[in-house]
Amino acid sequence: MCTAATYKTKDFYFGRTLDYEFSYGDEITVTPRKFPFEFRHMGKRDSHYAIIGMAHVAGGYPLYYDAINEKGVGMAGLNFVGNAVYQAVEAGRDNVAQFEFIPWILGQCADLDEVRALLDRMNLVGTPFSEQLPSAQLHWIIADRNAAITVECMADGMHIHENPVGVLTNNPPFETQMFLLNNYQGLSPKQPENTFAEQLQLQSYSRGMGALGLPGDLSSASRFAKVAFTKMNSKSGDSEAESISQFFHILGSVDQQRGCCEVTDGKYEITLYTSCCNADKGIYYYTTYENHQITGVDMHHCDLDGSELFRYPLVQGEQIHWMN
Ligand SMILES: C[C@H](CCC(=O)NCCS(=O)(=O)O)[C@H]1CC[C@H]2[C@@H]3[C@H](O)C[C@@H]4C[C@H](O)CC[C@]4(C)[C@H]3C[C@H](O)[C@]12C
């Protein structure tokens, strides 16, 4: 399972949890403007916007999971297993392989309007990266500081949904996730009033009872509701420290602890990493399951006019600030 979210204070923030039972070998990867992208069906692009994100680099190619570009657009791919169906290559359209989707969009679009225009003529196709790395079944959230959309390629074609919550998890499809939020409209961060029955003297015997009924399990639909409630009621100052602290708390509401989600005998899905990008400043912050200290990589500290990837292996292991 995975969860992605947007958040706005003074700056625009975009990030995700990546929940899985193993890592593909992830690195914070900066793709500078002149890195040559060879698209399988769209030819070579020698010049594009710079991108920073989490990627598995295979044969020198950045296979991004989530990223932002230098213009402040963010994009993340999350599992959509059993529902994702990619399209066949079609003449006259922009045929983009699933693993190229993030560089295709982030390399060219400065805002969500430009994303929408590009999606209009795009065909998301299932061409695999390699035999070892076949197509991943994903759906995507794409956002800028003003709005977010969800892109789902299914048996009946590509769907582009407005995403007013700025949140994405996994199955079921996005429209159903949004519909299920109806179930929680009575929840509130305020203490409840007794509307159950006038004849009964019911009391608020604990803080937090206004949100009683908000799910706490790790299923995708439950995480959608939990993180939507948390994000939409979030309050923080708008300094960088306050904003990223709050962002990690928002995604912390759906953190997966080892042992609670068994995927096969003795194998557990955990939150391998949590990211928080400042999309305005081009900074990628992250924590990992084993390292709660926030690590940051600033794309503007790299030569963005270069042509070679900048790769930063994840800092692992708890960093303890000893006091004595
Ligand atoms: C496993 C990851 C998704 C995690 C997730 O959503 N978990 C939920 C599990 S479940 O639904 O609840 O079962 C996805 C997100 C991005 C994916 C990677 C990116 O798409 C980049 C490449 C794409 C290649 O086609 C396959 C390898 C790969 C390197 C992908 C491996 C894997 O599928 C990743 C890492």
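Calculation rules
Residues numbered from 1 in each chain as written. Predicted model: local features only at pLDDT ≥ 70, side-chain atom pairs only at ≥ 80, totals over all residues. Heavy atoms only, no water. Helix = DSSP H or I, 4+ residues; strand = E, 2+ residues; numbered from the N terminus. Rg over C-alpha atoms; globule rule 2.2 N^0.38 Å. Buried < 20%, exposed > 50% of the residue type's maximum accessible area, 1.4 Å probe, protein only. Contact = heavy atoms within 4.5 Å. 1 Å grid on protein atoms, 1.4 Å probe; cavity = no way out; pocket = protein on both sides within 12 Å on 5 of 7 lines; lining within 4 Å. Points joined across faces, edges and corners; volume = space filled by probe spheres on them. Nonpolar A, V, L, I, M, F, W, Y, C, P; charged D, E, K, R; others polar. Pairing = 2+ DSSP bridges. Axes fitted to C-alpha atoms, helices over the stretch in contact; angles between N-to-C directions.

Here the focus is the overall build of the protein. Scanning the protein for helices and strands turns up five helices and 20 strands. In summary, the protein has a C-alpha radius of gyration of 20 Å against a globular reference of 20 Å for 324 residues, a match within 12%. For the protein, buried positions account for 50% of its 324 residues. Long-range pairs, those at least 24 residues apart, make up 67% of the contacts in the protein between residues at least 6 apart in sequence.

With that settled, consider the environment of Lys8. Within the element layout of this structure, Lys8 appears in strand β1 (residues 2-8). The class of Lys8 is partly exposed, set by a relative accessible area of 45%. Sequence-wise, Lys8 and Asn278 are 270 residues apart; in three dimensions their C-alpha atoms are separated by 9.6 Å. Setting aside residues no more than four positions away along its own chain, Lys8 makes contact with Arg145 and Asn146.

Looking now at the layout of surface pockets. Estimated volume of the largest pocket: approximately 680 Å³. Lining the largest pocket are 31 residues, with Tyr24, Tyr65, Gln98, Ala136 and Leu138 sitting closest to its centre. Those elements giving two or more residues to the lining of the largest pocket turn out to be β2 (12-20), β7 (61-69), β8 (74-79), α1 (101-108) and β11 (138-143). If you tally residues by element for the lining of the largest pocket, the top one is β2, at four residues. In the lining of the largest pocket, the residues fall into 20 nonpolar, eight polar and three charged.

Before going further, it helps to spend a moment on the pairing of strand β3 (residues 27-31). Most of β3 sits inside the fold, with five of its five residues counted as buried. Alternating residues of β3 divide into Glu27, Thr29 and Thr31 and Ile28 and Val30, and every residue in both groups is buried. By the bridge criterion, five bridges tie β3 to strand β6 (residues 51-58) in an arrangement that is antiparallel. Each residue of the ladder has a partner; that of Thr31, found in β6, is Ile51. The pairing of β3 with strand β20 (residues 310-313) spans four bridges and is antiparallel. Following the sheet pairing, Val30 is matched in β20 by Phe310.

Moving on, we get to the sheet that holds β20. Overall, antiparallel pairing links the eight strands, which are arranged β13-β12-β11-β8-β7-β6-β3-β20 in an open sheet. Looking at which strands have only one partner, the edges of the open sheet turn out to be β13 (157-162) and β20. Strand-to-strand, the axes of this sheet are offset by a mean angle of 30 degrees, without reference to chain direction. Pairing between strand β12 (residues 148-154) and β13: six bridges, direction antiparallel. Note that in β13 the partner of Thr150 across the bridge is His161. Those strands touched by α1 are β6, β7, β8, β11 and β12, and its axis lies near 45 degrees from that of β7. Of the strands in this sheet, β11, β12 and β13 are in contact with helix α2 (residues 112-120), which crosses β12 at around 15 degrees.

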